[in-house]
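# Understanding the architecture of this molecule
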Amino acid sequence: LGIEVDNRGRKPDRLGGRGDMQGVRRALQAGVPINSRDAAGRTALMRAAANGHVETVRYLLRHQANRELIDHAGRSAADHARLAGHENVVREILS
């Protein structure tokens, strides 16, 4: 992407995994695509789901994050949440 979105240069995929709502908002406001991916093909939604950040997951879904995408390992956001034991996040993604 090449776009720095905070003072550490983090992008929405990493920010989603940290549950950093302000960072995710800034990234989107800066024009970074919501479905941008890291080197493993994971999106902010996948990282937030894997780490159980339900509020970040809700925010990303409200802003049109694609819940159907899969990473290079063939896993969706719901798969990441399920593997990490976050059933509440799985329900949110599938609702």
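A brief report on the enclosed structure follows. Quick caveat: nothing in here was measured; it's all calculated off a predicted structure.

### With respect to the overall build of the chain
Along the chain, the regular secondary structure elements total 6 helices and 0 strands. Helices and strands in the chain line up, N terminus first, as α-α-α-α-α-α. Taken across its 95 residues, the chain has 44% of its residues classed as buried. In the chain, 61% of the contacts between residues at least 6 apart in sequence involve partners at least 24 apart. Split by element, the accessible area of the chain, about 5,100 Å² in all, is 43% carbon and sulfur.

### Brief notes about the nonpolar core
With 20 residues, the main nonpolar core has Leu45, Ala49, Val57, Leu60, Ala77, Val89 and Ile93 as its most contacted residues. Counting residues per element, the ones that place at least two in this core are helix H2 (21-29), helix H3 (44-50), helix H4 (54-62), helix H5 (77-83) and helix H6 (87-94).

### Comments concerning the environment of alanine 81
Along the chain, the position of alanine 81 falls in helix H5. Residue classification places alanine 81 among the buried residues on the basis of a relative accessible area of 0%. Along the chain, alanine 81 and glycine 52 lie 29 residues apart, while their C-alpha atoms are 6.7 Å from each other. Contact partners of alanine 81, with chain neighbours within four places excluded, come to Ala49, Ala50, His86, Val89 and Val90.

### Some details on unusual backbone geometry
Positive phi outside glycine occurs at glutamine 64, with the angle close to 75°. With respect to the helices, strands and loops of the structure, glutamine 64 is situated in the loop between H4 and H5.

### Quick word on the pattern of salt bridges
Under the counting rule described, the total for this entry stands at 5 salt bridges. For glutamate 55, the salt bridge identified is with arginine 58, shortest N-O distance 2.4 Å. With glutamate 55 and arginine 58 both in helix H4, this residue pair falls 3 residues apart, about one helical turn. One salt-bridge network, in which partners are shared between bridges, spans Asp38, Arg42 and Arg47.

Conventions we followed
Residues numbered from 1 in each chain as written. Predicted model: local features only at pLDDT ≥ 70, side-chain atom pairs only at ≥ 80, totals over all residues. Heavy atoms only, no water. Helix = DSSP H or I, 4+ residues; strand = E, 2+ residues; numbered from the N terminus. Buried < 20%, exposed > 50% of the residue type's maximum accessible area, 1.4 Å probe, protein only. Contact = heavy atoms within 4.5 Å. Areas by Shrake-Rupley, 256 points an atom, 1.4 Å probe, with all protein chains shown as cover. Core = buried A, V, L, I, M, F, W, Y, C linked by side-chain atoms within 4.5 Å. Salt bridge = Lys/Arg side-chain N within 4 Å of Asp/Glu carboxyl O.

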